[in-house]
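Notes for the structure review
Residue-level listing of the chains:
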Amino acid sequence: MTTPTTPPPTTPPPTPPARGRRRAPSRMERAAGRAAALQRPRVLLALLLLLALTCVMLLDGYLRAEVGGDQRVRTGASASDVPDAVLDGGPILTFPGGQATTVSVPDKTIVLTFDDGPDPTWTPQVLDILEKYDVPGTFFLVGSMVARHPGIVRDMVEQGNEVGVHTFTHVDLSYQSQARVTREIEQTQLALAGAAGITTTLFRAPYSSQTDAIDNYSWPVYESLGEDGYTSVFIDTDSDDWKRPGVSKIVEWATPEDGEGASVLFHDAGGERSQTIEALPKYIEKMKAKGYTFTTVSGATAEQRPASGAPASTGSGDGLQAAHHEATGATLYEGKALIAAVAVAEWTVPALSAGLVIVGVAVMGRFAMMLVLARRHHRQRNRRRFSWGPPVTGPVSVIVPAYNEKECIEATLRSLARSTHPVEIVVVDDGSTDGTADIAESLGLPGVRVVRQANAGKPAALNNGVRHARYDIVVMMDGDTVFEPDTVRHLVQPFADPSVGAVAGNAKVGNRRTLIGAWQHIEYVMGFNLDRRMYDLLRCMPTIPGAIGAFRREAVLQVGGMSDDTLAEDTDITIALHRAGWRVVYEEHARAWTEAPGSLGQLWSQRYRWSYGTMQALWKHRRSLTEKGPSGRFGRVGMPLVVLFQVVTPVFAPLIDVFTLYSMLFVDFRAALLAWLAVLGVQLVCAAYAFRLDREKYRYLLMMPLQQLAYRQMMYLVLIHSCVTALTGGRLRWQKLKRTGEVGTGVGAG
């Protein structure tokens, strides 16, 4: 029987377009084109956000020497290629005119040098001591530390101290390629430019000591840097403060013999330096009492070469040290950009780490809640004496909204015709162009009515079906879904309880033979159905699946029917029913077999619509957070759980995978792998229990590790894409998925 809502208009046959002219796009085609054009930038923005996160983590790892770090230190190599004059010379190595020349520190002169800084704890204390005693120092700075603590370097230079390059990541340059050497130096210079507006010509290699330690591998590095105008600075007196031998030993070992001048090494970073801080004032007082003066590397060089015109510095001052040059142009702006990028990384990564902890706790908490509450739900609902009340035996109306479902509509209607519960079937054809309505009528099945309407969307089709329904209980399903013979009977039994306004059924993936279908099968059984058991007991079920749900007609009309305010009309009406005081429950035995998307593109479109629609529904019902009664209960119990478990946790869940991958590549592969396997093990336990409750075959769980590596990442990207769309105020049209009709009665029966 066909019941048209309006008399079908008489339309003349379309006039074929004139030869050589293109047909103008229809209004729907233009709208679809505009929607697609709007979504492309948002997809790009979501991917750019992910790329930015990756870059920030890599930068932070590089600063901490986790990315590209090299802990090798060369010892015991031959020095046959190094000139004897260098091996036996002073601690300051220059290459004027390409000729290696060493300079010694003048007698009764101390060049105080500090390595490995700046450190936010120890370097400021060192600077305070130097300022108190009016003594300059020469600090050889690690570029990554400069980028992280630019303010300390700025104060250091303004105080009149001299700075030099100690590489960017503190690696032994004798093991590195020429490109890596250049990069280490240039990046440190950029950090100095961004922090203090200067560059420097001083250099000290990590792990270097006296000139007699230069070997055949490090000598080419010094030669190359000398050709570029760098002065390499060594030591001839070492305090060995890094060994923490005690204050008296540090002072003793740092004292040169017989009034000789010395380049003395201390450390202001790289470990616990309290002994250095305590020893430094004592050392300065002792050396001043012996008649020593203090200068910088540039000052010592100038004293030994007065003809060179280099300014000597014996105290702090406002002018630049001779080794310093003002950073200008691209170097200055690139340096400031580096400092800004590092500041972002320094803030972002700890915040993400804290988020990772929160997400980890939330994920594990969700698993624990699902297991405990799902077990309780199963035992409660499957007790021998459990009953909703007197059996519901009266006929119900089944509404089947259909838009271009020619591949599936026959299997759907034939499955309903075999129902063991009396039903009337209302097929609402939403302006199909593929003959869906004609197929439904041609089947000649008893109790089937076809209602035709102009294309208005799924919510309008469902509302039209409710208006045409004859009975007080309406079952809503999708046009591609197949019911088992007992599905309707199980689905309507909870309505024996007069407080129940709606029932969610157990949706199953019918086309699970493909890889994508199997992944969705795992998700449906583990995620959706375990979640529904949990939410049922907590009385805050957020969604009745569009594939299988039953409603009291009275309840649907009370909340205004299906709304087209959101893309998730099923979530919208479920929340509305909660707020109206109706109870929504889950019936695990009412199974429906649905056709899941068969390609990644269709899957993305479907989940994008779901996640974005869920956000719209939550925002629409945000007032429930402050209301009283049933609405307030859902707002203060259901809303936070849905936001936490379905929005916040999935959005930040990629942090677990990103940090795990980062740890595997750059930190500790074995520990990271074991942690990932432990999380996978917890998920497998939950999935196995869910499969047991649903009496599913365990073989699909073999695909779960691959699902975690590929499918889950795609779902994260979809949710991030939805969040970007929501934050940018985007609108999305309802999207029709391509159906194959693969799900049939054979699947349902099996």
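See the structure printed just above.
Now for a quick tour of the structure. What you are looking at is a predicted structure, and each value in this text was computed from that prediction instead of being measured.

Residues Asp107, Asp236, Glu257, Asp258 and Glu260 make up a contiguous surface patch of negative charge. Along the chain, aspartate 107 turns up in the loop between β2 (101-103) and β3 (109-117). Among the residues examined, aspartate 107 registers a relative accessible area of 57% and is labelled exposed.

So, about helix α21 (residues 654-667). Here α21 contains 14 residues, and its C-alpha end-to-end distance of 18 Å stays within 8% of the 20 Å for a straight helix at 1.5 Å per residue. Burial in α21 covers these residues: Pro654, Leu655, Asp657, Phe659, Thr660, Tyr662 and Met664.

What follows concerns the pairing of strand β4 (residues 138-141). Residues Thr138 and Phe140 line one face of β4 and the alternating positions Phe139 and Leu141 line the opposite face, and both faces are buried. Here β3 runs beside β4; their pairing, made up of four bridges, is parallel. Directly across from phenylalanine 114, in β4, lies its bridge partner phenylalanine 139. Relative to strand β5 (residues 162-165), β4 runs parallel, the two sharing four bridges. Among the inter-strand pairings, phenylalanine 140 is bridged to a residue of β5, identified as glycine 164.

Within the secondary structure, threonine 200 sits in strand β6 (residues 198-200). A distance of 2.7 Å separates a polar atom in the side chain of threonine 200 from the backbone oxygen of valine 163. Setting aside residues up to four positions removed in sequence, threonine 200 forms contacts with Val163, Gly164, Val165, Gln189, Leu192, Tyr230, Ala323 and His324.

Okay, the sheet that holds strand β13 (residues 396-402) next. As summarised here, the arrangement of the eight strands in space is β15-β14-β13-β16-β19-β18-β20-β17, forming an open sheet in which the pairing is mixed. Edge positions in the open sheet fall to β15 (448-453) and β17 (482-483), since each of these has one partner strand only. As defined by bridge partners, β17 adjoins strand β20 (residues 583-594) across two bridges and the pair is classed as antiparallel. What sits directly across from valine 482, in β20, is tryptophan 593. Across the face of the sheet, helix α18 (residues 569-579) comes into contact with β18 (500-509), β19 (548-552) and β20 while running at roughly 155° to β20.

Reading the values: rules and limits
Residues numbered from 1 in each chain as written. Predicted model: local features only at pLDDT ≥ 70, side-chain atom pairs only at ≥ 80, totals over all residues. Heavy atoms only, no water. Patch = residues over 30% accessible without salt bridge, like charges linked within 9 Å, V, L, I, M, F, W, Y side chains within 5 Å. Areas by Shrake-Rupley, 256 points an atom, 1.4 Å probe, with all protein chains shown as cover. Salt bridge = Lys/Arg side-chain N within 4 Å of Asp/Glu carboxyl O. Lys, Arg positive; Asp, Glu negative; His and termini not counted. Charge placed at Lys NZ, Arg CZ, Asp CG, Glu CD. Helix = DSSP H or I, 4+ residues; strand = E, 2+ residues; numbered from the N terminus. Buried < 20%, exposed > 50% of the residue type's maximum accessible area, 1.4 Å probe, protein only. Expected span 1.5 Å × (residues − 1). Pairing = 2+ DSSP bridges. Polar contact = N/O pair within 3.5 Å; in protein donor to acceptor, adjacent residues only side chain to side chain. Contact = heavy atoms within 4.5 Å. Axes fitted to C-alpha atoms, helices over the stretch in contact; angles between N-to-C directions.

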